[in-house]
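Fold and geometry: a report
Read off the chains here:
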Amino acid sequence: MGEFRLAPFSYSKDHLYFDLSLNGRDEEILISGGETFLGDQNNLNIHAEIKRVNLEQLNFLLRDYVKDADGTLQANWDISGSISLGTQWLPEAA
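Read on for an overview of the structure.

A few words now on the environment of Ser 32. Within the element layout of this structure, Ser 32 appears in strand β4 (residues 27–38). Residue Ser 32 is classed as buried on the basis of its relative accessible area, which comes to 19%. For the pair Ser 32 and Leu 20, spaced twelve residues apart in sequence, the C-alpha to C-alpha distance is 6.3 Å. Apart from the residues lying within four places of it in its own chain, the contact partners of Ser 32 are Tyr 17, Phe 18, Asp 19, Asn 45, Ile 46 and His 47.

In this structure, Asp 68 is a non-glycine residue whose phi angle is positive, near 60 degrees. Within the secondary structure, Asp 68 sits in the loop between α1 (57–61) and β6 (72–84). For Asp 68, a relative accessible area of 67% puts it in the exposed group.

The subject of this paragraph is the packing of aromatic side chains. On inspection of all chains with the given rule, the structure shows zero aromatic pairs. Above the plane of the ring of Phe 60 lies Arg 63, whose end atom (NZ or CZ) is 4.9 Å from the centre.

Rules of the game
- Residues numbered from 1 in each chain as written.
- Predicted model: local features only at pLDDT ≥ 70, side-chain atom pairs only at ≥ 80, totals over all residues.
- Heavy atoms only, no water.
- Helix = DSSP H or I, 4+ residues; strand = E, 2+ residues; numbered from the N terminus.
- Buried < 20%, exposed > 50% of the residue type's maximum accessible area, 1.4 Å probe, protein only.
- Contact = heavy atoms within 4.5 Å.
- Phe/Tyr/Trp six-rings, centres within 6.5 Å; stacked < 30°, edge-to-face > 60°.
- Lys NZ or Arg CZ within 6 Å of the ring centre and 35° of its normal.

Below you can see the structure in the form of structure tokens.
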């Protein structure tokens, strides 16, 4: 595996932002996004970019299910939507 980096969370009364990455010889994955707290309905926006993952890693990680995996995975995802958690999950006012 490579270097895992999680930037400090940026957090305010009504917003959370995160940024993480995994960089190594066989992988480069970037994920960033945030959540905006709007009462009991929260908006979620996440961007995930898999620049490179060597699929041969699956041979070891999932050896009971996968064998002879070969190639490279690349992908981009943008995830947005809303989540209703109820008021017990709301951050307390500072």
